[in-house]
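What follows is each chain in one-letter form.
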Amino acid sequence: MCDQTEADDIVQESFIRVWKNIQRFDEKQKFSTWFYKIVTNLCLDRLRALKRSRSLFSSTEKDLDNPMPADSLNVERLSSNKDLADIIRSLTSNLPLKQKVVFTLRDLQDLSVEEVCEITGMGKASIKANLHHARKRIRDLLAVQYNIRSVSS
Amino acid sequence: MTCDRYRKLLSLYRTGELSNREAEELVLHLHSCERCRKEREQIVDAEIVIQKIRSFNPVLADPARMASSIVSKIRPATTDVHARGYLEDLLDLFALPQVRIGTAALILAAICTFLFQYLTFFNEVHTLEVAARTVSSPTGSHDVYAIRSSRLEDLARSRTLQPYLRPGSVKIKDGEVVVNKSDFGSFVSSYRFQSVASTIVATMLHMDERMLNQFVDHIAANTRSFPASHF
């Protein structure tokens with residue numbers, strides 16, 4: 001979510017959902033995967049709602065896809081939640097929702113491909129394709145920040 | 001395979017993302033392609049940055065406040081009757097040991113009552129059998145019973161019981177049910193079985209003893225015996 005208040009709300013709502021739906025939890029399943037699924041669905045719902053409300057109030061599409069300044073990608077200064085939020089927002093703000101979810105779960109949360117499949121309900125091939133595109137875009141962003149020359153460009 | 005295809009495979013560098021075959025093909029290609037090797041170096045550099053991001057653990061500012069906030073929201077949520085079905089509410093009652101023990105006691109009492117009434121019913125039917133069997137000729141040479149009873153007449157006519165009776169063992173003659181003495185036991189038994197279903201409800205209420213005695217008297221009064229040659 002990259003926003004402390006939004007994230008707090010999502011965490012609270014996730015625990016409430018776990019409490020309400022605990023009888024639906026299949027004990028053969030990994031609890032963390034089930035919990036991630038709840039959190040991911042809540043985040044997606046919230047992000048879609050935010051996007052709808054922003055598109056209602058923003059005057060142009062440009063406002064929606066306004067990228068963060070490149071220097072905000074400096075991981076050396078990463079020391080607080082806010083720094084982390086800024087870096088992740090800079091890296092993922094221009095990614096489509098599917099790529100953002102897959103990249104976050106796989107590369108930032110370090111979950112296995114199988115777990116990402118279970119959480120998102122996407123197929124393995126689709127996850128790999130989304131990962132490839134997300135990593136490519138993120139690599140390009142990092143190349144600017146860290147002065148890494150892109151081979152394909 | 002083109003370099004573009006291998007670059008896609010290069011992107012999928014983390015464990016479990018490539019099949020063994022794809023990994024082998026990629027290694028072979030990297031030996032011969034300088035451009036793809038360069039791409040791999042950039043991917044490794046980018047991964048180092050991502051690793052730094054991944055290794056940072058966000059800190060929850062005030063865990064106690066968060067916990068109390070969650071609990072305060074869970075309480076009203078669990079008491080929200082509209083969010084739950086009535087069946088779930090009813091089942092929740094069984095979480096109380098008193099309710100579980102009470103229900104078990106009720107079920108046990110119902111089973112015992114049923115068994116008691118059921119056994120009593122069989123005992124009563126047996127009494128009927130004995131009553132009918134004791135009606136025999138003083139000389140003991142008479143082997144056929146003739147009983148004037150509408151209930152037994154209905155039974156004799158019942159098709160469902162025919163397979164259980166010896167062919168020709170029961171006849172209806174001049175308004176009387178005529179039964180060979182040797183078949184009388186199975187005939188009355190079939191009466192017993194046919195009656196089980198219809199009598200089970202009455203049994204639950206316990207068969208009226210006065211009615212039973214009346215039927216025994218009825219059997220005794222309307223039964224006569226005569227030699228087998230009359231059959």
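Residues numbered from 1 in each chain as written. Chains lettered and ligands numbered in written order. Predicted model: local features only at pLDDT ≥ 70, side-chain atom pairs only at ≥ 80, totals over all residues.

## Brief notes about the overall build of chain A
And then number 1: Along chain A, the regular secondary structure elements total 7 helices and 0 strands.
And then number 2: If you list the helices and strands of chain A from N to C, you get α-α-α-α-α-α-α.
And then number 3: Partitioning the intrachain contacts of chain A with sequence separation of at least 6 by distance along the chain shows that 55% fall at a separation of at least 24. (Helix = DSSP H or I, 4+ residues; strand = E, 2+ residues; numbered from the N terminus. Contact = placed C-beta atoms within 7 Å.)

## What about the nonpolar core?
And then number 1: Residues Val-102, Leu-131 and Ile-138 of chain A are the most contacted members of the largest nonpolar core, which totals 23 residues.
And then number 2: At the level of secondary structure, the elements contributing two or more residues to this core comprise helix H2 (31-57), helix H4 (81-92), helix H5 (97-108), helix H6 (113-120) and helix H7 (124-145) of chain A together with helix H1 (3-11) and helix H3 (34-55) of chain B.
And then number 3: Here this core gets 6 residues from one element, more than from any other, and that element is H7 of chain A.
And then number 4: Residues within four places of Ile-138 of chain A in sequence aside, it is in contact with Leu-91 of chain A together with Ala-46 of chain B.
And then number 5: Among the nonpolar cores identified, the runner-up in size contains 10 residues, and Val-144, Leu-152, Val-170 and Val-177 of chain B belong to it. (Core = buried A, V, L, I, M, F, W, Y, C linked by C-beta atoms within 7 Å. Buried ≥ 20, exposed ≤ 12 C-beta atoms within 10 Å, placed from the backbone.)

## Quick look at the pairing of strand E3 (residues 176-180) of chain B
Residue and element names in this part refer to chain B.
And then number 1: Along E3, the buried face is formed by Val-177 and Val-179; none of Glu-176, Val-178 and Asn-180, which line the opposite face, is buried.
And then number 2: Bridge analysis of strand E1 (residues 144-147) against E3 gives 4 bridges, and the strand direction is antiparallel. Paired with Tyr-145 across the bridge in E3 is Val-179.
And then number 3: Relative to E3, strand E2 (residues 170-173) runs antiparallel, the two sharing 4 bridges. Looking at E3, one finds that Ile-172 is bridged to Val-177. (Pairing = 2+ DSSP bridges.)

## What about the environment of Ile-53 of chain B?
And then number 1: If you trace the backbone, Ile-53 of chain B turns up in helix H3.
And then number 2: Judged by the 17 C-beta atoms lying within 10 Å of it, Ile-53 of chain B falls in the partly exposed class.

## Description of the confidence of the model for chain B
In low-pLDDT segments, the atomic positions of the prediction should not be examined closely.
All names here are of chain B.
And then number 1: Chain-level pLDDT for chain B is 73 on average; 63% of the residues reach the 70-or-more range.
And then number 2: Confidence, expressed as mean pLDDT per element, reaches its minimum in chain B at helix H8 (residues 181-204) with 57 and its maximum at helix H2 (residues 20-32) with 89.
And then number 3: The model gives residues 201-207 a pLDDT under 50, and that stretch makes 10 contacts with residues more than four places away or in other chains.
And then number 4: We note a pTM of 0.54 for the whole complex and an ipTM of 0.78 for its interfaces. (pLDDT = per-residue confidence, 0-100.)

## So, unusual backbone geometry
And then number 1: With a phi angle near 60 degrees, Asp-110 of chain A is a residue other than glycine that sits in the positive phi range.
And then number 2: Taking the number of C-beta atoms within 10 Å as the measure of exposure, Asp-110 of chain A has 12 and is therefore exposed.

## Regarding helix H7 (residues 150-157) of chain B
Residues and elements named next belong to chain B.
And then number 1: Taken together, the buried positions of H7 are Leu-152, Leu-155 and Ala-156. Seen from one end, H7 has its buried residues packed into an arc of 100 degrees, which puts them on one side. Residues of H7 that are exposed and point more than 90 degrees away from the buried face comprise Ser-150, Asp-154 and Arg-157. (Arc of directions from axis to C-beta.)

## Notes on the packing of H1 of chain B against H3 of chain B
Residues and elements named next belong to chain B.
And then number 1: At a minimum axis separation of 10 Å, H1 and H3 run at an interaxial angle of 25 degrees. Relative to H3, H1 is oriented roughly parallel. As for the relative orientation of H1 and H3, their crossing is right-handed in sense. Residue-level contacts link Cys-3, Tyr-6, Arg-7, Leu-10 and Ser-11 of H1 to Arg-35, Cys-36, Glu-39, Arg-40 and Ile-43 of H3.
And then number 2: For the contact of H1 with H3, the residue count by class is 5 nonpolar, 1 polar and 4 charged. (Axes fitted to C-alpha atoms, helices over the stretch in contact; angles between N-to-C directions. Parallel < 35°, antiparallel > 145°, perpendicular 65-115°, else oblique. Left-handed = near helix turned anticlockwise from the far one by under 90°. Nonpolar A, V, L, I, M, F, W, Y, C, P; charged D, E, K, R; others polar.)

## Thoughts on the interface of chain A and chain B
And then number 1: Counting residues at the interface gives 29 residues for chain A, matched by 26 residues for chain B.
And then number 2: Going through the elements one at a time, helix H1 (4-21), H4, H5 and H7 of chain A are the ones with two or more residues in the side of chain A that touches chain B.
And then number 3: Counting residues per element, the side of chain A that touches chain B draws most heavily on H7 of chain A, at 9 residues.
And then number 4: Split by residue class, the side of chain A that touches chain B holds 17 nonpolar, 4 polar and 8 charged.

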